[in-house]
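These are the residues of each chain, in order.
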Amino acid sequence: MKLAAARLWATNRHPYLASAIFASPTLPAPGVGRLLVDRWWRVHADPEVVAGATVEQIGGELLHLTSHVLRDHASRADEIHLADQDELHHWVDAADAEIADDFAVDLARVSEVIRADDLDCPDGRLAEEYYRTGSVREGRRSDCGSGAHGTVAGWEQPPPDPDDPEADGPGGVSGDQQELIRRNVAAEIARADAAAVAAGLRRWAEQQLAPTIDWRAELAASVRREISAVAGAVDYSYRRPSRRAGSLGAVVLPAMQRPTVEVAVVCDTSASVSEEMLASAVAEVDGLLRAVGTRDVRVLACDDAVRVVRRASRGREVSLIGGGGTDMSVGIAEAMELRPRPGLVVVLTDGYTPWPDEPPPTKVVVGLLQQQTPVPGLAPVEPPAWARTIPIPGP
Ligand SMILES: [Zn+2]
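What counts as what
- Residues numbered from 1 in each chain as written.
- Predicted model: local features only at pLDDT ≥ 70, side-chain atom pairs only at ≥ 80, totals over all residues.
- Heavy atoms only, no water.
- Helix = DSSP H or I, 4+ residues; strand = E, 2+ residues; numbered from the N terminus.
- Buried < 20%, exposed > 50% of the residue type's maximum accessible area, 1.4 Å probe, protein only.
- Contact = heavy atoms within 4.5 Å.
- Areas by Shrake-Rupley, 256 points an atom, 1.4 Å probe, with all protein chains shown as cover.
- Expected span 1.5 Å × (residues − 1).
- Polar contact = N/O pair within 3.5 Å; in protein donor to acceptor, adjacent residues only side chain to side chain.
- Donors = N, O, S within 2.8 Å, 3.2 Å for Na, K, Ca; no water.
- Tetrahedral: all angles 85-135°; square planar, octahedral: opposite > 155°, others 65-115°.
- Arc of directions from axis to C-beta.
- Salt bridge = Lys/Arg side-chain N within 4 Å of Asp/Glu carboxyl O.
- Axes fitted to C-alpha atoms, helices over the stretch in contact; angles between N-to-C directions.
- Parallel < 35°, antiparallel > 145°, perpendicular 65-115°, else oblique.
- Nonpolar A, V, L, I, M, F, W, Y, C, P; charged D, E, K, R; others polar.
- Pairing = 2+ DSSP bridges.
- Phe/Tyr/Trp six-rings, centres within 6.5 Å; stacked < 30°, edge-to-face > 60°.

Enquirer: Even after reading the chapter, I still don't get the overall build of the chain, so can you show me in this structure?
Expert: What the chain contains, in helices and strands, is 15 helices and nine strands. Looking at the chain residue by residue over its 395 residues, the buried ones come to 46%. Restricting to contacts in the chain with at least 6 residues of sequence separation, those with at least 24 account for 66%. Per element, the accessible surface of the chain, about 20,300 Å² overall, is 51% carbon and sulfur.

Here it is in structure tokens:
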């Protein structure tokens, strides 16, 4: 009863945290002497502690523990590799200080409230910085559960398998669900009155909603993967270990030759594409193709505004596709006419284009330039599933 009331109290105070608070099941944990959250977002509450606390205190604990799992303090602790109990408790203090910054008024809690100044730090920092630079509180040991520091306690059973009908007890929140809830909460924060949300929490929400993919790394990985897939197909026999190698002893077998893969870059140079974005994308593709040793790259421009392409591709020949306009299917078809035929086509476009109905006989990687200002009266077309698409965020 009191736990339910505390949840309502907490969600009334901070409605943008409601989806996270309601996703966390609570479990009785006699003898633990406090409220804790585990890696699966389950709140373990000592019934005796709950009985002796006010609704506001329990509500404050729920807000605090929810903040630990929303801010993913467990995975962040994994990154730090806490070596012993002292480091673990220092991390919990650092994480607590980060959470304290998220609430303008100190939460009423059952456990002690730790702020940045308890660690002799200026506030508004991340837990990692509090951990690195904050002073260690001698002899004071906070614990908020494995949801705060990642180390699963012996009494804390992993949640039952959700697919097991015999499983009893409330399960936790799975990794995918956790991400979904984080994005949900971040979206709620973005919608909330800015004055009602602390600056640090607003920054957190912005980061959650920003594209998390490092498009450069992603694009490089995709291009390399496709090149080695094509190269592997061409050079299959050389990739198998030779069964004769052992018995022939010192005989030198032919060295594996790295087959070259022809690459074509099809650029959307129509007016809707920002020159700046296209230039940086072309330069990126050009650089990474040079890095993997691809020398012969053909650049095709699906319009006549090739200034930028010509500049960025450092003297590479740029072919104009006559009458293609901004139709990437024409650009891809044109690339297929090249001899030798490219094994990989990289398409750079903002997506305001038709796509081929049928997959072309080549690998296709699409760098999707995401425009800050949508084109009036037009909707971008989702690139087809047979292409590997990497969103490239705007500047
Ligand atoms: Zn805590």
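Okay, back to it.
Enquirer: Help me out: how do you make sense of helix H6 (residues 85–100) in this one?
Expert: Given 3.6 residues to a turn, an α-helix orients residues that are three or four positions apart in the same direction. Counted at 1.5 Å a residue, the expected span for H6 with its 16 residues is 22 Å, and the 22 Å between its end C-alpha atoms agrees. Taking burial as the measure, the 16 residues of H6 include 13 buried ones, the bulk of the element. Its side-chain oxygen placed 3.2 Å from the backbone nitrogen of Asp 86, Asp 84 serves as the N-cap of H6.

Enquirer: Would you take a moment to explain the coordination of the zinc ion for this structure?
Expert: In ideal tetrahedral geometry, four donors around a metal make angles of 109.5 degrees, whereas ideal octahedral geometry with six donors gives angles of 90 or 180 degrees. Bound to the zinc ion are the protein donor atoms His 64 (NE2), His 68 (NE2), Asp 96 (OD) and Cys 144 (SG), situated 2.0 to 2.1 Å from the metal. Around the zinc ion sit four donor atoms; with metal-centred angles ranging over 94 to 132°, the donor geometry is tetrahedral. Read in sequence order, the donor residues for the zinc ion give the motif H-x3-H-x27-D-x47-C. Here His 68 and His 64 lie together in helix H4 (residues 55–70), a separation of four residues that amounts to about one turn.

Enquirer: Teacher, can you tell me more about helix H15 (residues 328–337) here?
Expert: Looking only at H15, the buried set comprises Met 328, Ser 329, Gly 331, Ile 332, Ala 335 and Met 336. Down the axis of H15, the buried set is contained in an arc of 160°. They therefore lie on one face. Each element contacted by the buried residues of H15 is listed here: strand S4 (263–267), strand S5 (297–301) and strand S7 (344–349).

Enquirer: When you look at the pattern of salt bridges in this model, what are you seeing that I'm missing?
Expert: Opposite charge on two side chains lets them pair, provided their charged atoms get close. In this structure the tally under the stated criterion is 17 salt bridges. The partner of Arg 109 in a salt bridge is Glu 61, with the nearest N and O atoms 3.1 Å apart. Of this pair, Arg 109 sits in the loop between H6 and helix H7 (127–133) while Glu 61 sits in helix H4, placing them 48 residues apart in sequence. Of the charged contacts in the structure, one is a salt bridge between Glu 128 and Arg 76, with a shortest N-O distance of 2.7 Å. Of this pair, Glu 128 sits in helix H7 while Arg 76 sits in helix H5 (residues 73–80), and the two are 52 residues apart along the sequence. Taking relative accessible area as the criterion, Glu 128 reaches 24% and is therefore assigned partly exposed. We classify Arg 76 as buried; its relative accessible area is 16%. Through salt bridges with shared partners, one network takes in Arg 71, Arg 76, Glu 98, Asp 102 and Glu 128.

Enquirer: Looking at this model, I keep getting lost on the environment of Pro 361. Mind explaining?
Expert: Among the structural elements, Pro 361 can be located in the loop between S7 and strand S8 (363–369). Of the residues examined, Pro 361 reaches a relative accessible area of 53% and is grouped as exposed. Residues Pro 361 and Arg 341, spaced 20 residues apart in sequence, show a C-alpha to C-alpha distance of 9.5 Å.

Enquirer: Looking at this structure, I do not really get the packing of H4 against H6. What am I missing?
Expert: In a pair of packed helices, the angle between the axes and the distance between the axes together describe the arrangement. Between H4 and H6, whose axes approach to 10 Å, the crossing angle comes to 110°. Taken together, H4 and H6 sit at an angle that is classed as roughly perpendicular. On the side of H4, the interface is formed by His 64, Ser 67 and His 68, while H6 contributes Ala 95, Asp 96 and Ile 99. Here the residues of the contact of H4 with H6 are counted per class, giving two nonpolar, three polar and one charged.

Enquirer: When you look at the environment of Ile 390 in this model, what are you seeing that I'm missing?
Expert: Structurally, the position occupied by Ile 390 is in strand S9 (residues 388–392). For Ile 390, a relative accessible area of 2% translates into the label buried.

Enquirer: Would you explain the sheet that holds strand S1 (residues 26–28) in this entry?
Expert: For sheets, the rule is that strands pair by backbone hydrogen bonds, running either parallel or antiparallel. Strands sit in the order S1-S3-S2 across an open sheet of three strands; the sheet is mixed. In this open sheet, the two strands that pair with only one neighbour each are S1 and strand S2 (35–37). Neighbour to neighbour, the strand axes of the sheet diverge by 25° on average, direction disregarded. Strand direction decides the pairing type here: S2 and strand S3 (residues 43–45), joined by three bridges, are antiparallel.

Enquirer: Would you mind showing me how to read the packing of aromatic side chains here?
Expert: Aromatic ring pairs are reported here in terms of the distance separating the ring centres and the angle at which the planes meet. Applying the stated rule across the entire model yields one aromatic pair. Centre to centre, the rings of Trp 91 and Tyr 131 are 6.0 Å apart; their planes meet at 65°, and the pair counts as edge-to-face. Of this pair, Trp 91 sits in helix H6 while Tyr 131 sits in helix H7; the two residues are 40 residues apart in sequence, bridging distant segments of the chain. Each of the two residues, Trp 91 as well as Tyr 131, counts as buried.

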